Amino acid sequence: MVLEQKTELRLTQKLALTPQLQLQLKLLQLPQLELSQFIELQLMENPMLEIDEETENNHEKEISEEIEEPIAVDKLEKIMIDEYFAERADDGRDLGYFTPGIEEKPSFELFYSTTSDLWEYLLWQLRLSKASDEIRAVAEIIIGNIDEDGYLKATEEEIAKIADTNIETVKKAIELVQEFDPPGVGARDIKECLILQIKALDLGNTLVQFVVEEHLEDIRKKKYETIAKKFNVSIDEVIKAVKIIEKLEPRPGRNFSKAQVNIPVPDVYVNKVEGEYQIILNDEGIPKLRLSKLYRELFTEKDLSSDEKKYLKEKFKNAIELLRSIEQRNRTIYRVTESLIKFQREFFDKGVSYLKPLNLKDVASDLGLHESTISRVTSNKYLACEHGVFNFRFFFSNALPSNHGSVSTTFVKELIQKIINEENPANPLSDQEISDMLKKQGIDIARRTVAKYREELKIPPKSLRKLKNY
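Below: a short report on this structure. (Residues numbered from 1 in each chain as written. Predicted model: local features only at pLDDT ≥ 70, side-chain atom pairs only at ≥ 80, totals over all residues. Heavy atoms only, no water.)

## Some points on the nonpolar core
Okay, step 1: Judged by nonpolar contacts, the single largest core of 27 residues is most densely connected at Val270, Phe347, Phe348, Val363, Ile374 and Phe395.
Okay, step 2: For this core, the elements supplying multiple residues, two or more each, are β2 (268-273), β3 (276-281), α15 (306-343), α16 (345-350), α17 (360-367), α18 (371-377) and β5 (382-385).
Okay, step 3: Excluding anything up to four places from it in sequence, valine 270 contacts Tyr277, Gln278, Thr337, Ile341, Phe348, Leu383, Ala384, Cys385 and Glu386.
Okay, step 4: Judged by nonpolar contacts, the second largest core, of 23 residues, contains Ile190, Leu196, Tyr224 and Ile245. (Core = buried A, V, L, I, M, F, W, Y, C linked by side-chain atoms within 4.5 Å. Buried < 20%, exposed > 50% of the residue type's maximum accessible area, 1.4 Å probe, protein only. Helix = DSSP H or I, 4+ residues; strand = E, 2+ residues; numbered from the N terminus. Contact = heavy atoms within 4.5 Å.)

## Quick word on the pairing of β2
Okay, step 1: Where β2 and β3 come together, six bridges link them in antiparallel fashion. Bridging across to β3, asparagine 271 finds its partner in glutamine 278.
Okay, step 2: Here β2 pairs with β5 via two bridges, running parallel. Its bridge partner being in β5, valine 268 is matched across the sheet by leucine 383. (Pairing = 2+ DSSP bridges.)

## Remarks on the sheet that holds β2
Okay, step 1: Spatially, four strands are ordered β3-β2-β5-β6 in an open sheet, and the strand pairing comes out mixed. Strand pairing shows two members of the sheet lacking a second neighbour, β3 and β6 (388-391), which therefore form its edges. Going from strand to strand, the sheet's axes swing by 25 degrees on average, the running direction of each strand aside.
Okay, step 2: α15 rests against β2, β3 and β5 of the sheet, and its axis sits at about 155 degrees to β3. (Axes fitted to C-alpha atoms, helices over the stretch in contact; angles between N-to-C directions.)

## Remarks on the packing of helix α7 (residues 133-144) against helix α8 (residues 156-163)
For any two helices packed against each other, the geometry is given by the interaxial angle and the distance between the axes.
Okay, step 1: The interhelical angle for the contact between α7 and α8, taken along N-to-C directions, is 125 degrees, at an axis separation of 10 Å. Here α7 lies oblique to α8, going by the angle between them. For the crossing formed where α7 meets α8, the hand is right-handed. Note on element contacts: α8 touches α7 through Ile159, Ile162 and Ala163, opposite Val138, Ile141 and Ile142.
Okay, step 2: Residues that form the contact of α7 with α8 fall into these classes: six nonpolar, no polar and no charged. (Parallel < 35°, antiparallel > 145°, perpendicular 65-115°, else oblique. Left-handed = near helix turned anticlockwise from the far one by under 90°. Nonpolar A, V, L, I, M, F, W, Y, C, P; charged D, E, K, R; others polar.)

## Side note on unusual backbone geometry
Okay, step 1: Across the junction of aspartate 181 and proline 182, the peptide omega takes the value 0 degrees, indicating a cis bond.
Okay, step 2: Tracing the chain through its elements places proline 182 in the loop between α9 (167-178) and α10 (190-200).
Okay, step 3: Of note in the backbone geometry, aspartate 164 takes a positive phi value of approximately 55 degrees without being a glycine.
Okay, step 4: Inspection of the secondary structure assignment puts aspartate 164 in the loop between α8 and α9.

## Here's the deal with the environment of glutamine 32
Okay, step 1: Its place among the elements puts glutamine 32 in helix α2 (residues 32-45).
Okay, step 2: For glutamine 32, a relative accessible area of 4% corresponds to the buried category.
Okay, step 3: Separated by 348 residues in the primary sequence, glutamine 32 and asparagine 380 place their C-alpha atoms 9.0 Å from one another.
Okay, step 4: Excluding its chain neighbours within four sequence positions, the residues that come into contact with glutamine 32 are Val265, Pro266, Asp267, Asn282, Asp283, Glu284, Ile286 and Arg329.

## Description of the pattern of salt bridges
Okay, step 1: Following the criterion strictly, the structure yields 22 salt bridges and no others.
Okay, step 2: Here glutamate 249 ties to arginine 254 by a salt bridge, and the two come within 2.8 Å at their closest N and O atoms.
Okay, step 3: Under the relative-accessibility criterion, arginine 254 is labelled partly exposed at 36%.
Okay, step 4: A salt bridge links aspartate 349 to lysine 272, with the nearest nitrogen and oxygen atoms 3.3 Å apart. Within this pair, whereas aspartate 349 is found in helix α16, its partner lysine 272 is found in strand β2, the two being separated by 77 residues in sequence.
Okay, step 5: Here lysine 272 falls in the partly exposed class, since its relative accessible area comes to 42%. (Salt bridge = Lys/Arg side-chain N within 4 Å of Asp/Glu carboxyl O.)

## Overview of a negative patch on the surface
Okay, step 1: Together, Glu297, Glu301, Asp303, Asp307 and Glu308 line one region of the surface with negative charge.
Okay, step 2: Take glutamate 308: its relative accessible area is 40%, and that puts it in the partly exposed class. (Patch = residues over 30% accessible without salt bridge, like charges linked within 9 Å, V, L, I, M, F, W, Y side chains within 5 Å. Areas by Shrake-Rupley, 256 points an atom, 1.4 Å probe, with all protein chains shown as cover. Lys, Arg positive; Asp, Glu negative; His and termini not counted. Charge placed at Lys NZ, Arg CZ, Asp CG, Glu CD.)

## Focus: the packing of aromatic side chains
Okay, step 1: Applying the stated criterion across every chain yields a total of eleven aromatic pairs.
Okay, step 2: With centroids separated by 6.0 Å and ring planes inclined at 10 degrees, the aromatic side chains of tyrosine 121 and tryptophan 124 adopt a geometry described as stacked. One end of the pair, tyrosine 121, and the other, tryptophan 124, are both in helix α6 (residues 118-128), three residues apart, so they sit about a helical turn from each other.
Okay, step 3: We classify tyrosine 121 as partly exposed; its relative accessible area is 21%.
Okay, step 4: Arranged with centres 5.7 Å apart and planes meeting at 15 degrees, the rings of phenylalanine 348 and phenylalanine 395 form a pair that is stacked. Of this pair, phenylalanine 348 sits in helix α16 while phenylalanine 395 sits in the loop between β6 and β7 (399-402); the two residues are 47 residues apart in sequence, bridging distant segments of the chain. (Phe/Tyr/Trp six-rings, centres within 6.5 Å; stacked < 30°, edge-to-face > 60°.)

## Some words on the environment of leucine 355
Okay, step 1: If you trace the backbone, leucine 355 turns up in the loop between α16 and α17.
Okay, step 2: For leucine 355, a relative accessible area of 4% translates into the label buried.
Okay, step 3: Not counting the four nearest positions on each side in its chain, leucine 355 is found in contact with Gln344, Phe347, Phe394, Phe395, Ser408 and Thr410.

## Observations concerning the pairing of β6
Okay, step 1: Across four bridges, β5 lies against β6 in antiparallel orientation. Residue pairing across strands places cysteine 385 opposite glycine 388, the latter belonging to β6.
Okay, step 2: What sits between the antiparallel neighbours β5 and β6 is a turn of two residues.

Right under this line is the structure:
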């Protein structure tokens, strides 16, 4: 084998994420509050930027003049800013075009440290257990089917099918997970959840457990005398047992929930004026920027060192790019909102019942943008109209067949929410009963699909709704 050096000429095509493109992508997906914070940070880091305290109209005119006026640019050491922007416009990035197939780098947020969630905590305990590999493999599937409240949402048969094992192995794996902390995790219903916690308190086979097993309904109705007669104990003993039960946690995964109550700030307002819709971008709280006149004048000084000139050139270029990226972000959000109004006109005219099936690809095709652009624009942003404040993603949903044509899954979820809101709290509806009610309205939907949508709406099952209300 002979080792030798040689020179080769290769021609390859690559599409790199330039710093300018990365900035555009970043700003495009930032919600209102985070955009304001990002701009505040840029103001502190870049001396070429300053807050424009003049009127909004003067601000827009000044920015336009400072970016596009050739004379001002020529004075700044011949930085050909017009050519720079022309280059960006040629490849379509200025208007939000993105070439399909670009492999994006992972977001820095992926590397931030986070608090452990319920599933991570359970998997950590599983790794420390001494169970066999077979049981541990099934237990991992079980943990993956536990919801944020700590309840197991898959049946033994479903788990056995997924794990390609027998029911007996599944039962052993469920018992293993139910031994983990927090007490009550892995239960299938509220009764099992409470009994697991009772056993963890070494109160198994006591009056407390017997009451939960047989008389949860009587506890709700405070029929303590009935319970006392059944177990031949005093009412005081029953009350003591009830007090212990009341201290148990019906949602064992509650303390691991990362859910936060956030009041959404609309990024866009849609107002109806004389039968037409007016789109207003919300810029409240967002600093208005302009190029600093002081530093522009400093840039023309002849006694600046080469390092100082290099520094100012870089900051000037960054400032221009930020101004253009903010402008492009606003323009893209505006266009996407226009498209949503076009596709969902009946919703804006009449309300949620008229929401149509829609996907990101439809809007992308309408605007001539890439689907990933629409995804970024609609992520974590809100639209306010006369019907309320909605996440942009609210307007996108799949189609379900009905007797009246296709209906959106969002509309079906609204129907499920309405049905449950109007049910009798003393006798909540089961998923099958809700399915039957929807079929009478011409929407053919299976019980399992009702359960799926109910869980997505964060609505507990029938047994928990009954306990919650009484």
